[in-house]
Amino acid sequence: MSTSAIARAIALLLPLALLGGALGSQYLGGLYPCEMCYWQRWPHGVAIGLALVAFTAPADSSRSRSFTLLAALGIAISGAIGVYHAGVEAKIFEGFTTCTAMASGGSTADLLKQITHAPLIRCDQVQFRFLGISMAGWNAILSLGGAALVLILLSRKPARS
């Protein structure tokens, strides 16, 4: 397997795993995301789409390498947002001054009920830690590390046959 093919696989599997973990913790684990948690999800979704497009061409082609690079950029953007979010949690940066809650639509009465019954999630409060690191911190570490790995792999010249 070429380094471009490995980079492309990482650019697809890493955001899939991180986004899957975030959604799993929400829908299976009962953790409610704050607004900044949602911000970290969007670039992963974009990275998944870009990585899938990279699979439409041979791994060592310029098309595939370009889309893999763009996917790595999306992963890095999510990681950068994760750094900021972890900094807000650690009180290094100032976050929102108000709580956020999400409503999903419906009639006015439905919206009011959703808003009044929705949990108020503060971006500066950690809901879950693993090994002393919040989920935003893990996203930052894994996303930035993974994006760097993809860039390193792509910087190697493809093998010529």
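Structure: above.
Parameters at a glance
Residues numbered from 1 in each chain as written. Predicted model: local features only at pLDDT ≥ 70, side-chain atom pairs only at ≥ 80, totals over all residues. Heavy atoms only, no water. Core = buried A, V, L, I, M, F, W, Y, C linked by side-chain atoms within 4.5 Å. Buried < 20%, exposed > 50% of the residue type's maximum accessible area, 1.4 Å probe, protein only. Helix = DSSP H or I, 4+ residues; strand = E, 2+ residues; numbered from the N terminus. Contact = heavy atoms within 4.5 Å. Expected span 1.5 Å × (residues − 1). Phe/Tyr/Trp six-rings, centres within 6.5 Å; stacked < 30°, edge-to-face > 60°. Lys NZ or Arg CZ within 6 Å of the ring centre and 35° of its normal. Polar contact = N/O pair within 3.5 Å; in protein donor to acceptor, adjacent residues only side chain to side chain. Axes fitted to C-alpha atoms, helices over the stretch in contact; angles between N-to-C directions. Parallel < 35°, antiparallel > 145°, perpendicular 65-115°, else oblique. Left-handed = near helix turned anticlockwise from the far one by under 90°. Nonpolar A, V, L, I, M, F, W, Y, C, P; charged D, E, K, R; others polar.

Chemist: Quick question: what am I supposed to make of the nonpolar core here?
Modeler: Where a protein is soluble and globular, its nonpolar side chains tend to be buried together. In terms of nonpolar packing, the biggest core is built from 17 residues, with Ala7, Ala11, Ala51, Ala71, Ile75 and Val150 touching the most fellow members. Breaking this core down by element, the ones donating at least two residues are helix 1 (3-27), helix 2 (35-54), helix 3 (62-89) and helix 5 (135-155). Broken down by element, this core gets its largest block of residues, six residues, from helix 1. Each residue touching Ala11, except ones within four places of it in the same chain, is listed here: Ala47, Ala51, Thr68, Ala71, Ile75 and Val150.

Chemist: Is there a simple way to think about helix 5 in this case?
Modeler: An α-helix turns once every 3.6 residues. As a result, residues three or four positions apart point the same way. Relative to the 30 Å expected for 21 residues at 1.5 Å per residue, helix 5 spans 30 Å between its end C-alpha atoms, a close match to the ideal helical length. Every buried residue belonging to helix 5 is among Ala136, Gly137, Asn139, Ala140, Ser143, Gly146, Ala147, Val150, Leu153 and Leu154, and all of these are buried.

Chemist: Hey, could you run me through the packing of aromatic side chains in this one?
Modeler: What describes a pair of aromatic rings is the distance from one ring centre to the other and the angle between the planes of the rings. Summed over the entire model, instances satisfying the criterion amount to zero aromatic pairs. Above the plane of the ring of Phe55 lies Arg8, whose end atom (NZ or CZ) is 4.2 Å from the centre.

Chemist: When you look at the side chain of Ser25 in this model, what are you seeing that I'm missing?
Modeler: Here Ser25 is to be found in helix 1. Of note is the side chain of Ser25, whose polar atom sits 2.8 Å from the backbone oxygen of Ala22. Here Ser25 is in contact with Gly30, Leu31 and Met135, once residues within four sequence places are set aside.

Chemist: Mind showing me how you'd approach the side chain of Gln26 here?
Modeler: Here Gln26 lies in helix 1. Within the structure, Gln26 has its side chain in polar contact with the side chain of Tyr27 (distance 3.4 Å). Apart from residues lying up to four places away in sequence, Gln26 is in contact with Leu31, Pro33, Tyr38 and Arg41.

Chemist: Is there a simple way to think about the packing of helix 3 against helix 5 in this case?
Modeler: How two helices pack is summed up by the angle between their axes together with the distance between the axes. One can describe the packing of helix 3 onto helix 5 by two numbers: an axis separation of 7 Å at closest approach and a directional angle of 155 degrees. For the element pair helix 3 / helix 5, the angle class is roughly antiparallel. Crossing of helix 3 over helix 5 shows left-handed handedness. Its residues assigned to classes, the contact of helix 3 with helix 5 shows 14 nonpolar, eight polar and two charged.

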